[in-house]
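# Structural characterization, general
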Amino acid sequence: MNSAIILAAGKSSRMKKDIPKPYLKINGRLIIDYSITIFENSNYIDDIILVVSKEYISKMKDNYPHIKIIEGGNSRKESAFIGLKSCNPKTQNVLIH
């Protein structure tokens, strides 16, 4: 089993915007949607885990009810670790995006 972990819990503070990058829109779609779609259409990915900040959990669950959505940590490293711990026990390979 192969899992993809998408890290989207950051604040994007260097952008100086009210909305983090993954939740901005390009051509009417959330930026995060482009990554999710690629993994959903891949024959090599069996499971997608989306790691987001607490304030985006319900919105992402509404938008992507078929994906595992979890709350991230205080750093990218911590969010990646939380994502790894959420992988299916049968997972053999992980791609962190």
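Structure's up top.
Here's what I pulled together on the structure shown here.

What counts, and at which threshold
- Residues numbered from 1 in each chain as written.
- Predicted model: local features only at pLDDT ≥ 70, side-chain atom pairs only at ≥ 80, totals over all residues.
- Heavy atoms only, no water.
- Patch = residues over 30% accessible without salt bridge, like charges linked within 9 Å, V, L, I, M, F, W, Y side chains within 5 Å.
- Areas by Shrake-Rupley, 256 points an atom, 1.4 Å probe, with all protein chains shown as cover.
- Salt bridge = Lys/Arg side-chain N within 4 Å of Asp/Glu carboxyl O.
- Helix = DSSP H or I, 4+ residues; strand = E, 2+ residues; numbered from the N terminus.
- Buried < 20%, exposed > 50% of the residue type's maximum accessible area, 1.4 Å probe, protein only.
- Pairing = 2+ DSSP bridges.
- Polar contact = N/O pair within 3.5 Å; in protein donor to acceptor, adjacent residues only side chain to side chain.
- Contact = heavy atoms within 4.5 Å.

## Quick notes on a nonpolar patch on the surface
A cluster of nonpolar residues, Leu-84, Val-94 and Ile-96, forms a patch on the protein surface that exposes about 220 Å² of accessible area. Looking at the element boundaries, Val-94 is found in strand β6 (residues 93-96).

## Side note on the pairing of strand β1 (residues 2-8)
Within β1, 6 of the 7 residues are buried, which leaves the element mostly enclosed by the surrounding structure. Relative to β6, β1 runs parallel, the two sharing 4 bridges. Each bridged residue has a counterpart across the sheet, and for Ile-5 the counterpart in β6 is Ile-96. Examined bridge by bridge, β1 and strand β4 (residues 47-52) share 6 bridges and lie parallel to one another. Each bridged residue has a counterpart across the sheet, and for Ala-8 the counterpart in β4 is Val-52.

## Considerations on the side chain of Ser-35
Residue position: Ser-35 is located in helix α1 (residues 31-40). When its relative accessible area of 18% is taken as the criterion, Ser-35 is described as buried. At 2.9 Å, the side chain of Ser-35 and the side chain of His-97 are in polar contact. For Ser-35, the residues in contact, after removing those within four places along its chain, are Ile-6 and His-97.

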